[in-house]
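Read off the chains here:
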Amino acid sequence: AQSVTQLGSHVSVSEGALVLLRCNYSSSVPPYLFWYVQYPNQGLQLLLKYTTGATLVKGINGFEAEFKKSETSFHLTKPSAHMSDAAEYFCAVNPGGYQKVTFGTGTKLQVIP
Amino acid sequence: KAGVTQTPRYLIKTRGQQVTLSCSPISGHRSVSWYQQTPGQGLQFLFEYFSETQRNKGNFPGRFSGRQFSNSRSEMNVSTLELGDSALYLCASSLDGTGHYEQYFGPGTRLTVT
């Protein structure tokens, strides 16, 4: 069974600073990987996904993530944090086929002005 | 294209009652998944339906059930409500649920059990 670990349930960064949200997964096969963002009282919105091909994936709102198979990681980064980035971020893994998606426990990002 | 819709958005029920939540997926999407989200447990997978068949199931008691109709709309039912069932229930749809296609989430139904 696959699992997803997000290091740090809360991360604080200053406005304009680098955002780094960590995600590690365990899966017996190369999985499909996703990052979602959730704003208060809303559902989850897809930021980016990795399926196959290029390991550096660019998403919306200036976010990107790199799939590193050797490290079983899929960390999310953004060069410069904006106040509007304050939200909760979820990493998710799907091993493929018709298996269920497993979500990490989420990381709440606080952006300090 | 309209997004995933969930009704109702908010619900208050009493212990012991039952509740039915509804989800309308994006047009053309055949896979619908349900999740329970709580502050302590995060996102917990309930079940997934594809073409009216339950394809995957999470570790929830039998009080939680669901179904999917021929138009892909889905409902979930919780019987004999407990206080611990208070949560945000999220529905997500995707084209086929294989993982190659991402899930699109609805805004959720906030259930409060008193």
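For the structure, see preceding data.
The rules behind each value
Residues numbered from 1 in each chain as written. Chains lettered and ligands numbered in written order. Predicted model: local features only at pLDDT ≥ 70, side-chain atom pairs only at ≥ 80, totals over all residues. Heavy atoms only, no water. Helix = DSSP H or I, 4+ residues; strand = E, 2+ residues; numbered from the N terminus. Rg over C-alpha atoms; globule rule 2.2 N^0.38 Å. Buried < 20%, exposed > 50% of the residue type's maximum accessible area, 1.4 Å probe, protein only. Contact = heavy atoms within 4.5 Å. Areas by Shrake-Rupley, 256 points an atom, 1.4 Å probe, with all protein chains shown as cover. Buried area = accessible area lost by both parts, 1.4 Å probe. Salt bridge = Lys/Arg side-chain N within 4 Å of Asp/Glu carboxyl O. Polar contact = N/O pair within 3.5 Å; in protein donor to acceptor, adjacent residues only side chain to side chain. Pairing = 2+ DSSP bridges. Axes fitted to C-alpha atoms, helices over the stretch in contact; angles between N-to-C directions. Phe/Tyr/Trp six-rings, centres within 6.5 Å; stacked < 30°, edge-to-face > 60°.

Asks: Is there a simple way to think about the overall build of chain A in this case?
Replies: Across its full length, chain A holds 0 helices and 12 strands. Of the regular secondary structure in chain A, the N- to C-terminal order runs β-β-β-β-β-β-β-β-β-β-β-β. The C-alpha radius of gyration of chain A comes to 13 Å, within 12% of the 13 Å expected for a compact globule of 113 residues. For chain A, the proportion of its 113 residues judged to be buried stands at 46%. Sequence-distant contacts, at least 24 apart, represent 56% of the contacts inside chain A between residues at least 6 apart. Counting every atom, chain A has about 5,400 Å² of accessible surface; 53% of that belongs to carbon and sulfur.

Asks: How should the overall build of chain B be read in this particular structure?
Replies: When helices and strands are tallied, chain B shows 0 helices and 11 strands. Overall, chain B shows an N-to-C arrangement of helices and strands of β-β-β-β-β-β-β-β-β-β-β. Relative to its length of 114 residues, chain B is compact, with a C-alpha radius of gyration of 13 Å against a globular reference of 13 Å. Referenced to the eigenvectors of the C-alpha coordinate spread, the extents of chain B come out at roughly 40 × 25 × 25 Å. The buried share of chain B, taken over its 114 residues, is 53%.

Asks: Can you walk me through the interface of chain A and chain B in this structure?
Replies: Many authors give the size of an interface as the accessible area that is lost as the parts come together. Facing the 20 residues of chain A at the interface are 22 residues of chain B. Of the roughly 1,800 Å² buried between chain A and chain B, counting both surfaces, carbon and sulfur atoms make up 54%. At the boundary of chain A with chain B, the tally comes to 1 salt bridge. Taking the shortest distance from any N to any O, the salt bridge between glutamate 102 of chain B and lysine 49 of chain A comes out at 2.6 Å. Where chain A packs against chain B, one counts 3 residue pairs in polar contact (both at pLDDT 80 or more). Secondary-structure elements contributing two or more residues to the side of chain A that touches chain B are β5 (32–38), β6 (44–50) and β10 (87–94) of chain A.

Asks: Where do I start with unusual backbone geometry in this structure?
Replies: Residues apart from glycine generally show negative phi values, whereas peptide bonds are mostly found in trans. Here threonine 7 of chain B and proline 8 of chain B are connected by a cis peptide whose omega angle stands at -10 degrees. Along the chain, proline 8 of chain B turns up in the loop between β1 (5–7) and β2 (10–13). Of note in this structure, threonine 72 of chain A is not a glycine but carries a positive phi near 45 degrees. Relative to the elements of secondary structure, threonine 72 of chain A occurs in the loop between β8 (64–68) and β9 (73–78). In this structure threonine 72 of chain A comes out as partly exposed when scored by relative accessible area, which is 31%. Positive phi, close to 45 degrees, is recorded for threonine 80 of chain B, a residue that is not glycine. Mapped onto the elements of the fold, threonine 80 of chain B is located in the loop between β8 (74–78) and β9 (87–94). On the basis of relative accessibility, which here comes to 47%, the residue threonine 80 of chain B falls in the partly exposed class.

Asks: So what exactly am I meant to see when it comes to the sheet that holds strand β3 (residues 19–24) of chain B here?
Replies: Residues and elements named next belong to chain B. One open sheet accounts for 4 strands, arranged β1-β3-β8-β7; its pairing is antiparallel. Strands with a single pairing partner mark the edges of an open sheet, and in this sheet they are β1 and β7 (64–68). For this sheet the average axis-to-axis angle between neighbouring strands, irrespective of direction, equals 20 degrees. Here 5 bridges tie β7 to β8, and the two strands are oriented antiparallel to one another. Paired with glycine 66 across the strands is methionine 76, a residue of β8.

Asks: Quick question: what am I supposed to make of the environment of tryptophan 35 of chain A here?
Replies: Residue and element names in this part refer to chain A. By the secondary structure assignment, tryptophan 35 is in strand β5. In this structure tryptophan 35 comes out as buried when scored by relative accessible area, which is 0%. Between the C-alpha atoms of tryptophan 35 and alanine 65, which are 30 residues apart in sequence, the distance is 8.5 Å.

Asks: Would you explain the packing of aromatic side chains in this entry?
Replies: What characterises a pair of aromatic rings is the spacing of the ring centres plus the angle enclosed by the ring planes. Counted according to the given criterion, the structure contains 12 aromatic pairs over all chains. Measuring from centroid to centroid gives 5.2 Å for phenylalanine 103 of chain A and tyrosine 35 of chain B, while their planes differ by 85 degrees, and the two rings are edge-to-face. Remark: tyrosine 35 of chain B occurs in strand β4 (residues 31–38) and phenylalanine 103 of chain A occurs in strand β11 (residues 102–103); the pair is interchain, linking two chains. Here phenylalanine 103 of chain A falls in the buried class, since its relative accessible area comes to 8%. Exposure remark for tyrosine 35 of chain B: the relative accessible area of 1% places this residue in the buried category. Seen from their ring centres, tyrosine 35 of chain B and phenylalanine 45 of chain B are 5.8 Å apart, and the 65 degrees between their planes marks the pair as edge-to-face.

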